[in-house]
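Each chain is listed here by its residues.
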Amino acid sequence: MLVVLLLLLSLSGNAHAYIDPSAGSVLLQLLLGGIAGLLVALRLYWNRLTGFLRRRQGSAASDERDRIR
Amino acid sequence: MTFLPASFRDPDARVLESDGPRILRALSPRAVAEREAVEASGLLGELVANGLVVDSTRAADVAPPAGFAAVVASRRLAFPTYPYEWSFGMLRDAALLTLDVLERALERGATLKDASAYNVLFDGARPLFVDVASLVPHEDGTPWLGYGQFCDHFLAPLMLEAYRGIPFQPFLRGSLEGLSIGGQLSPLLGWRDWLRPGVLTHVKLRALLDRRTRDLPTEARRDVRRASLPRAAVLANVRGLRRLLGRLASRAASVWAGYAEANTYDDALSAKKEAFVAAAAARAAGGALAWDIGANTGRYARVLGRRFATVVAMDADPGAVERLYREVRGAPDERTLLPLVVDVMNPSPAQGWRGTERATLGARGRPELALYLALVHHLCLGRGVPLDGFLDLVRETAPLSVVEFVAREDPMSQRLLATKLEQHADYDVDVFRSLARARGEILTEERLSPTRSLFLLHLRPDRTGA
């Protein structure tokens, strides 16, 4: 389950906070975030996967994309 | 101006040393920008207008310290209190207030950057969110970073009392970071608790995730830190927590909560006592702060409330404090009466970093008048405090004091002595009188019954230091 969760993690802005939110507490919130959170995470994961496949298919265009990323 | 040694946890907002009617907070340039954003959204004004958050304004007359951009001032509450002095309902209301503030913030694009129970104080019997610098703009996609702290500071202690019947106060006093969900609460909840609201998710699953992520490599930790959660999901979590809190009720047993019905007084005696307390209150000069030590039902604290702006009604029994809190909450004396769990045998100490973060009870405000009604026999006969030690406490607490002396022949004293070998032969009203006179004056004395007398004492503070 943890592996799945970690895979589902996607990137967002890096908010500052002086307290240390434990990794467990953040992961639990993601879980409790339920379907809404899950769908968003899946979509982002899907984008990454398709991006990866496209890179493998494309030739010169992929270099272009990598520079943009 | 220097910083309060206790105020360091949030480097962007530090409280300055001052003893006036204002609390002064220095804000970093970042905190100023965040405050301006929260103000511009109308959120801060709404929260203040609804009585959820303390009012604060720029203090133009105070120069910000080096590295800081502004100073904001808010009013100093009459008597700061700590979560380990609150009853179950007080901690729950403080938790609900925190969620209220957070929910309104999220709806307006802001959030709370932490969820410390110490961000809430009680203004009389009303919780008030005082850490105005906790409100910051919310970056969409960020989970609530205060969730873990909210669980440790609020949810875990409330669950401990609701599901195990164990009063949380000693635990919170022992750990200023709250009760750890994984390390402390989870082991106390067994299989049969799994179906209780919130246990499976907020406790067991959380404990599992905490265990599994303990050895997470730094890079993976950074990934977790950047985890994304839509705002709607954060809001749903907050509302879920609110529903959960609404279902928690204390199961702790109380010694005193039924005391008023079972005690040995009759109404005529209570009326006499009320009149004596009212007369004592009329002699106090200022009328700012009074304490009722051993307040029980709060009957006499309410009498003080007619004369004093703030009356701290203390009792060692969380059940009695909880009952008083529920009675006072929403009642006309809500602004005056502050119920508090305090064991006079072991009052709150100075603790935290370098012993400065949390102050002793006495350091937070000196009362002009203190009541000790039907308390002395519990301390001296029940707990073995010498009479002169009791009078030293009375002398150092307040200039004016009302003491109800309960003789050893009284049925309540006899009950305390029934199981004891030591009979405390020096416990006697004549000894009490002479010890009081050695420390000051007995202004009035009134006999309530053959075994009970009321004293109004004016004792001098001990200048010898002995």
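See the structure printed just above.
Quick summary incoming for the structure in this document. (Residues numbered from 1 in each chain as written. Chains lettered and ligands numbered in written order. Predicted model: local features only at pLDDT ≥ 70, side-chain atom pairs only at ≥ 80, totals over all residues.)

1. A short note on the pairing of strand 12 (residues 369–372) of chain B
Residues and elements named next belong to chain B. The line we're drawing: Whether a residue is buried, exposed or partly exposed is read from the other C-beta atoms within 10 Å of its own C-beta, which are placed from the backbone; 20 or more gives buried, 12 or fewer gives exposed, and intermediate counts give partly exposed. For the purposes of this entry, the term helix denotes a DSSP run of H or I that reaches at least four residues, the term strand denotes a run of E that reaches at least two, and both are numbered from the N terminus. Note: two strands are recorded as paired if DSSP finds a minimum of 2 bridges between them.
Going residue by residue along strand 12, you find Leu369 and Leu371 tucked away on one face and Ala370 and Tyr372 tucked away on the opposite face as well. Two strands pair when backbone bridges link them, and strand 9 (residues 289–293) and strand 12 are joined in this way by three bridges, in the parallel orientation. Looking across to strand 12, one finds that tryptophan 291 is bridged to alanine 370. Summarising the sheet, strand 12 and strand 13 (residues 400–406) pair through four bridges and their orientation is parallel. Bridge pairing in strand 13 links leucine 371 to valine 402.

2. A few points about the sheet that holds strand 13 of chain B
Residues and elements named next belong to chain B. Spelled out, the test is: Only the stretch in contact is used when fitting a helix axis, every axis being a line fitted to C-alpha atoms; angles between N-to-C directions are given from 0 to 180 degrees. In this description, a residue-residue contact is defined by the distance between C-beta atoms placed from the backbone, which must lie within 7 Å.
Pairing within the open sheet is mixed, and its seven strands lie in the order 11-10-9-12-13-15-14. The sheet terminates laterally at strand 11 (337–341) and strand 14 (440–449), the two strands that pair on one side only. Taking each pair of neighbouring strands and ignoring which way they run, the sheet shows an average axis angle of 15°. In this fold helix 13 (residues 318–328) packs onto strand 10 (310–315) and strand 11, with an angle of close to 160° to the strand it touches most, strand 11. Lying on the sheet, helix 15 (residues 387–397) is in contact with strand 12, strand 13, strand 14 and strand 15 (452–459); it crosses strand 15 at an angle near 50°.

3. Some points on the environment of B:Arg460
Residues and elements named next belong to chain B. Tracing the backbone through its elements, the reader meets arginine 460 in the segment after strand 15. Counting along the chain gives 66 residues from arginine 460 to valine 394, while the straight-line C-alpha distance between them is 9.9 Å. Apart from residues lying up to four places away in sequence, arginine 460 is in contact with Arg395, Arg439 and Gly440.

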